[in-house]
Structures are given as structure tokens and as C-alpha cells.
Amino acid sequence: MSGGLALTELRLSHFRSHRAAQVMLDGRPVAIHGPNGAGKTNLLEAVSLLSPGRGLRRAAAEDLARLPEALGWRIAATLRAGARHHEIELRAEPGQSRTVRIDDKAAPQLALGRLARILWLVPSMDRLWTEAAEGRRRFLDRLALSFEPAHGEAVLGYEKAMRERNRLLRDQQRDPAWYRALEGQMARSGALIERRRRDALERIGRAQEGAATQFPVALLSMSQEDLGEEGLGVLLERERGRDMAAGRSLRGPHRADLVAIYGSKDMPAAQSSTGEQKALLISLILANARALRADLGAAPILLLDEVAAHLDARRRAALYDEICALGSQAWMTGTEPDLFEGLGARGQHVTMDADGGMRQEG
């Protein structure tokens, strides 16, 4: 059993499809199988909410409550981090935002990122390389957030200042003092965003070098040059007239794109096959996990929803081998138990029924 980062207990109350659920864990990977609609992804979503942000579905607090009761919801978990254990509780009452308590004390969301690093790969991300750039920026910011939990605050600060600047632009306001204040905030936050994004890509690139893996190397880069705080401030001032005509900020970190190349074929990810694109995503998540383990001494928790169904037997076995070598508590879902045959006794197995019933094995 791993002595690193892992959940040892997860308890849900009126969360999504689960009126009440409890899973006891020992740190090994967790294979969850059952029919569609049994609530497998809901378990993973609950775990994802133990990190900063809105979780793997980006849902509002009110959308997480079990219907038709709509009584509010609660997630409670015991997190083992090395030799220490922490009790985490998240809840939201009807009409109220989510609250966080760590070891029975109120805490901000940022504190969750200091305790646990959680990465996920879900089916909606399969379109990452072919969808609009917004999805890739969100993915990139999750990578940066995994290395630096304060990255989320910089993103929020930048977006808030940009919304105010956009309002001035639409109203055709011309007072330079107002713009300078907001552009200064955008430049400060934007420079942090740019630096942390590039730092994340560099760390993941190093984690792919020489790694023993059956998954392809992804060569990553940014579509924009790094201007720094001063350069970004100059850009925003220079583009003010053009932005006013458009009614919005046309350039900056909010317009950056993540560029990925399938390394061995020197082919853009968007032009690769569906299977190759999926393999690239898995490769990046594993590289992210390796980089975090190198930095922090413990692998992150991984949430891999329906990942095994898209892999042949050879790659499924390779995935399980890499997860176990990392020492990561990976939560994986699938419709059939045979998908996890290669994991065997190295993992815990949870069977879920169509009516929400749950059985643990191993």
C-alpha cells in the first residue's frame, strides 16, 4: 500500500445521484465498474471537488444536489498525506455557495490545493485538440494550477480586471486613468499567468524525457510570446483604440492557445487519429503526475473516467503498470469488470448497480 497521497474514506450525502454513499480505501488504485447511469462519474466528481475550482464538470453548487429532494449536499473525506491525516468537509445548503472545512476549521478553496493535488481526464476532454482554444486554455490552466495552487487567484484577478476594462470599452469611456489602473492589474496578473503556464509546460516536457512509457510524447508550446508585465502593459495601452472599436480586449493571455505536436510523427495533435489524440492526453496526465511526484515527493490523485474502454489490452496493461509505478491512487471507471483485469489485486474494485447499490472487493 502506498504511503503517499490518498483518500482513505469518502462519504457522500445527497450528492448527485447518491442519497448516501461510503467508500473505504487503502491507497491502492480504485477500479469502479457498473452500467451507465449507476453514478460512477459522480464519485469521481466528488473527489475532484476536493481540489480548488468547480470540479471535473465545472458545475455550480446548486446543480450538485440530489433531486428531487434538493436538500443540499455534503462531501466528507479523510485524506492521508504522508504520515498525516486530514478531515475535509464540503457542503452547500439550498441557495448557498459551497463551504470548505479542513480539520473542523473553515478554510478557503486555495487551502485544498495545498493539501492535495488532483488531476483528471474525462470523456469531454477527448475533443480537446479539435475544439475551440478556450478548452485548451482551461486545460493548460489546470496544469499550471497543479504545480501552483495560487495560479487560480491570478486567473480570477486577470478576468475581473478585464471585465471592467471591457465595460469601459463598450461604454466608449476615454479617461486614461481608469484604463491605466485596470491595465496595470491585467499586466501584473497576466504576467504571472504566462510565466506559470510556461513553467508547467517545461516541467511536463522534462517529465516526458526518458520516461519508460507506452504512450506517445506530446511536444507542447504556447501560441503567444511571453511579454512579461511591462510588455503586456504596453500592449494593452497600444491596443486600446482597436479594442474600443471591438468592444472587448482582443489580445492578452485570455487569447493564448496551447499547441501540441505528436512527437514521433511530427504531426499536429488536431490532425492525429482519435486514438492517437486520446493517447496524447493520457501521456500528458501521466507526465503531469510524474512531474508532481518529483516536486512534492508524492504522486497526485488521478481521476480517469471511462479511460480503459478506449485502449487496447496492451495499452490498458501499460496504463495500470505506470499508475502503480507512480504510487498514485487512481480512480478509474468502466462499464465492464474485464476492463480492469490487468490491474488485478494491485487495485481495489468497486461494483455499482443500476439502482445505486455499491459493493467493494479487495
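Residues numbered from 1 in each chain as written. Predicted model: local features only at pLDDT ≥ 70, side-chain atom pairs only at ≥ 80, totals over all residues. Heavy atoms only, no water.

What to know about unusual backbone geometry
Here comes step 1: In this model, Leu67 is joined to Pro68 through a cis peptide bond whose omega is 10°.
Here comes step 2: The residue Pro68 is located in the loop between helix H1 (40-48) and strand E4 (73-81) in this model.
Here comes step 3: With phi around 50°, His14 is a residue other than glycine that occupies positive phi space.
Here comes step 4: Assignment of secondary structure puts His14 in strand E1 (residues 5-15).
Here comes step 5: Residues other than glycine seldom take positive phi values, yet Gln172 does so here, at roughly 60°. (Helix = DSSP H or I, 4+ residues; strand = E, 2+ residues; numbered from the N terminus.)

A word on the pattern of salt bridges
Here comes step 1: Summed over the entire model, instances satisfying the criterion amount to 29 salt bridges.
Here comes step 2: With its nearest N and O atoms 3.5 Å apart, the salt bridge here joins Arg91 to Glu89.
Here comes step 3: Under the relative-accessibility criterion, Arg91 is labelled partly exposed at 29%.
Here comes step 4: Notably, a salt bridge pairs Arg203 with Asp295, separated by 2.3 Å at the nearest N-O pair. On the criterion of sequence distance, the pair formed by Arg203 in helix H5 (residues 176-208) and Asp295 in helix H8 (residues 274-296) is long-range, its members being 92 residues apart.
Here comes step 5: Each member of the salt-bridge network shares a partner with another, and the members are Arg74, Glu89, Arg91 and Glu93. (Salt bridge = Lys/Arg side-chain N within 4 Å of Asp/Glu carboxyl O. Buried < 20%, exposed > 50% of the residue type's maximum accessible area, 1.4 Å probe, protein only.)

Some words on the sheet that holds strand E6 (residues 99-102)
Here comes step 1: In spatial order, the strands read E2-E1-E4-E5-E6-E7; together these six strands make up an open sheet with antiparallel pairing. Lying at the two open borders of the sheet, with one neighbouring strand each, are strand E2 (18-24) and strand E7 (105-106).
Here comes step 2: Examined bridge by bridge, E1 and E2 share six bridges and lie antiparallel to one another. Looking across to E2, one finds that Phe15 is bridged to His18.
Here comes step 3: Against the sheet, H1 engages E1, E2 and E4, with an angle of about 115° to E1. (Pairing = 2+ DSSP bridges. Contact = heavy atoms within 4.5 Å. Axes fitted to C-alpha atoms, helices over the stretch in contact; angles between N-to-C directions.)

Things to note about the UniProt feature "binding site: ATP" (unreviewed entry) in the protein chain
Here comes step 1: The positions that UniProt labels "binding site: ATP" (unreviewed entry) are, in the present scheme, Gly34, Pro35, Asn36, Gly37, Ala38, Gly39, Lys40 and Thr41.
Here comes step 2: Following the sequence through the fold, Ala38 ends up in the loop between strand E3 (30-33) and H1.
Here comes step 3: Accessibility expressed as a relative area gives 3% for Ala38, which makes it buried.
Here comes step 4: Look past the residues within four positions of Ala38 in its chain and what remains in contact with it is His18, Met352, Asp353, Ala354 and Gly356.
Here comes step 5: Inspection of the secondary structure assignment puts Lys40 in helix H1. (UniProt positions renumbered as here; feature names shortened; annotations may be inferred.)

Some remarks on H8
Here comes step 1: Helix length check: H8 (23 residues) gives 33 Å between terminal C-alpha atoms against 33 Å at 1.5 Å per residue, within 8%.
Here comes step 2: For H8, the buried fraction is high: 17 of the 23 residues fall into the buried class.
Here comes step 3: After H8 finishes, the residue Gly297 shows a positive phi value of roughly 85°. (Expected span 1.5 Å × (residues − 1).)

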